[in-house]
Amino acid sequence: MAAVAVVVRRGLPQDRPLLARMLELYQYELSDLWLQDLDARGEYGYPLGRYWSRDDCHPFIVTVNGQLAGFALVDAALRVGSSGHWMDQFFVLKKYRRAGVGRAGPVGVRGAARPMGGWPNARQPRRASFWRKVIGEYTGGRFVEHELDPGSWLASVQCFSSSTGIASS
């Protein structure tokens, strides 16, 4: 893939339908890990309302060369630590993976989210190595990893300090 221009911007109310559609793709990819079935309409569904109704929840859209490429959902529902934010969901379309978009996305979210302080995140075991690499590059290897067991799968959480607050991924 040629050079890409990755842009991360805050989601707007008019982005809600496209986020819902991308979340369906994301949830399908995780259907072997998440204990969730399709509803009567053939959709997984995701409670997006809080991302537009609460000040501590933030949707982000990722584009590559002006095309939709993914999203990030960030909130303050911490699982580790006492301050910062939690990257609740992060997704990059397959077409844009392995082209640096996955690495650029979280860093872009940090830039777009600067006013809200730090952010954390939990990852499934099959994605833990990706997050260790991204966070290791971002922090120069200065992070602490915690293991969470939320019930149906084991998660790795990388916690680190950033110039604008405490963060984890």
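All of these numbers come straight from a predicted model, not from anything done at the bench.

Each value, and the rule that gives it
- Residues numbered from 1 in each chain as written.
- Predicted model: local features only at pLDDT ≥ 70, side-chain atom pairs only at ≥ 80, totals over all residues.
- Heavy atoms only, no water.
- Helix = DSSP H or I, 4+ residues; strand = E, 2+ residues; numbered from the N terminus.
- Buried < 20%, exposed > 50% of the residue type's maximum accessible area, 1.4 Å probe, protein only.
- Contact = heavy atoms within 4.5 Å.
- Pairing = 2+ DSSP bridges.
- Expected span 1.5 Å × (residues − 1).
- Salt bridge = Lys/Arg side-chain N within 4 Å of Asp/Glu carboxyl O.
- Polar contact = N/O pair within 3.5 Å; in protein donor to acceptor, adjacent residues only side chain to side chain.

J.: What's the story with the overall build of the chain in this structure? I'm lost.
T.: Per the secondary structure count, the chain includes four helices and seven strands. Along the chain direction, N to C, the helices and strands of the chain fall in the order β-α-α-β-β-β-α-α-β-β-β. When burial is assessed residue by residue, the chain has 45% of its 169 residues classed as buried. For the chain, long-range pairs separated by at least 24 residues make up 60% of all intrachain contacts whose partners lie at least 6 apart in sequence.

J.: Just to check I follow, could you spell out the pairing of strand β4 (residues 86–92) for this structure?
T.: With seven of seven residues buried, β4 lies mostly within the body of the structure. Where strand β3 (residues 67–75) lies against β4, six bridges are found, and the strand directions are antiparallel. Among the inter-strand pairings, D75 is bridged to a residue of β4, identified as W86.

J.: Please clarify how helix α1 (residues 16–29) should be interpreted in this entry.
T.: Helical geometry note: an α-helix holds 3.6 residues per turn, so side chains three or four residues apart project in the same direction. Between its first and last C-alpha atoms α1 spans 20 Å; for 14 residues at 1.5 Å apiece the expected length is 20 Å, and the two agree. Of all the residues in α1, the buried ones are L18, L19, M22, L23, Y26, Q27 and E29.

J.: When you look at the pattern of salt bridges in this model, what are you seeing that I'm missing?
T.: Once their charged atoms are close, side chains differing in charge can pair, the charge on each being opposite to the other. Using the criterion set out here, one finds seven salt bridges in the structure. Between R41 and D39 there is a salt bridge; the shortest N-O distance is 3.4 Å. Here R41 falls in the exposed class, since its relative accessible area comes to 64%. For the salt bridge of D88 with R50, the shortest nitrogen-to-oxygen distance reads 2.9 Å. Separated by 38 residues along the polypeptide, D88 in strand β4 and R50 in helix α2 (residues 50–53) bring together distant segments of the chain. Classification of D88 by relative accessible area gives buried; the value is 11%. Residue classification places R50 among the partly exposed positions, given a relative accessible area of 22%. Each of D39, R41 and E43 takes part in one network of salt bridges that share partners.

J.: Please explain unusual backbone geometry as it appears in this structure.
T.: Trans is the prevailing form of peptide bonds, just as negative phi is the prevailing case for residues other than glycine. Within the chain, N65 stands out as a residue other than glycine whose phi angle is a positive 50°. For N65, the location among the structural elements is in the loop between β2 (57–64) and β3. N65 sits in the partly exposed class, given a relative accessible area of 49%.

J.: Hey, could you run me through the side chain of Q27 in this one?
T.: Relative to the assigned elements, Q27 resides in helix α1. A polar atom in the side chain of Q27 sits 2.9 Å from the backbone oxygen of G45. Beyond its immediate sequence surroundings of up to four residues, Q27 is in contact with W34, Q36, Y44, G45 and Y46.

J.: Can you help me understand the environment of R54 in this one?
T.: Looking at where R54 falls in the secondary structure, it is placed in the loop between α2 and β2. Put simply, R54 and D75 are 21 residues apart on the chain and 9.1 Å apart in space, counted from C-alpha to C-alpha. In this structure the side chain of R54 is engaged in a polar contact, spanning 3.1 Å, whose partner is the side chain of D56.

J.: What is the right way to look at the environment of Q89 in this model?
T.: Assignment of secondary structure puts Q89 in strand β4. Judged by its relative accessible area of 7%, Q89 falls in the buried class. Considering only alpha carbons, one finds Q89 and Y26, 63 residues apart in sequence, at a separation of 8.9 Å. At 2.5 Å, the side chain of Q89 and the side chain of Y26 are in polar contact. At 3.2 Å, the side chain of Q89 and the side chain of Y46 are in polar contact.

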